[in-house]
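# Topology and contacts: notes
What follows is the residue order along each chain.
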Amino acid sequence: NQSVQPSSDGDLNLFTRFGGGVSYSVNELQRLGFDMSYVRRAEISGGGDVLQVLSLGPSYSFSLTEATDLRIGYQFRVGDSDSEGFRTAHRVTLSLAHALTLLP
C-alpha cells in the first residue's frame, strides 16, 4: 500500500506499507500465526525526517464458539528515524472478536 497523508503540522507525507502473515491450523479450534509488516514515512518534498518501522511476531488464536475467537499476540518492533535514531519496542495484545451476521 502506498499513500499520501498529511502530518499533524500539515506537511504531506508519503507512506509505504507492506506486510503479510502465515497461519497454521493446529486443530479445529486453534491456530498459530506469524505476521510481519514494514512501514516507511517520508516527506514528499524529500527533506525532513524519514521513519522506518519493522514489526514481526507470533500469535495464538482459540475459537471459543463458531463466531467468537480469542487471540493473544506478541510484536517486536524495530524503528529508525533521522530525528529519534534507532529504537526497539515490544507489544503484547489480547483480543476478542465476534463475527456479526448482517441481515439482507
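Shown above is the structure to which this text applies.
The text that follows walks through the structure, step by step, so that each part is easy to find. (Residues numbered from 1 in each chain as written. Predicted model: local features only at pLDDT ≥ 70, side-chain atom pairs only at ≥ 80, totals over all residues. Heavy atoms only, no water.)

Turning our eyes to something else, we now look at the packing of aromatic side chains. A complete count under the given rule lists 1 aromatic pair for this structure. Pairing Phe18 with Tyr38 gives two aromatic rings, centres 5.4 Å apart and planes at 45°, and the pair type is tilted. Here Phe18 is found in strand β2 (residues 12-25), whereas its partner Tyr38 is found in strand β3 (residues 30-43), with 20 residues between them in sequence. (Phe/Tyr/Trp six-rings, centres within 6.5 Å; stacked < 30°, edge-to-face > 60°. Helix = DSSP H or I, 4+ residues; strand = E, 2+ residues; numbered from the N terminus.)

Okay, the sheet that holds strand β1 (residues 2-6) next. The strand order β1-β2-β3-β4-β5-β6 describes an open sheet built from 6 strands, whose pairing is antiparallel. Looking at which strands have only one partner, the edges of the open sheet turn out to be β1 and β6 (85-98). Taking each pair of neighbouring strands and ignoring which way they run, the sheet shows an average axis angle of 20°. Across 13 bridges, β2 lies against β3 in antiparallel orientation. (Pairing = 2+ DSSP bridges. Axes fitted to C-alpha atoms, helices over the stretch in contact; angles between N-to-C directions.)

Mapped onto the elements of the fold, Val26 is located in the loop between β2 and β3. Taking the C-alpha atoms as reference points, Val26 and Asp49, separated by 23 residues in sequence, lie 43 Å from one another. Setting aside residues no more than four positions away along its own chain, Val26 makes contact with Arg31 and Leu32. (Contact = heavy atoms within 4.5 Å.)

Taken as a whole and assessed by the stated rule, the structure comprises 2 salt bridges. Across the salt bridge formed by Asp69 and Arg31, the nearest N and O atoms sit 3.5 Å from each other. Placement of Asp69 in strand β5 (residues 68-81) and of Arg31 in strand β3 is noted, with a sequence separation of 38 residues between them. By relative accessible area, which is 24% here, Asp69 ends up partly exposed. Arg71 is paired through a salt bridge with Asp35; the nearest N and O atoms lie 3.0 Å apart. Linking Arg71 in strand β5 with Asp35 in strand β3, this pair joins segments that are 36 residues apart in sequence. On the basis of relative accessible area, Arg71 is assigned to the partly exposed category, the value being 32%. Assessed through its relative accessible area of 33%, Asp35 is described here as partly exposed. (Salt bridge = Lys/Arg side-chain N within 4 Å of Asp/Glu carboxyl O. Buried < 20%, exposed > 50% of the residue type's maximum accessible area, 1.4 Å probe, protein only.)

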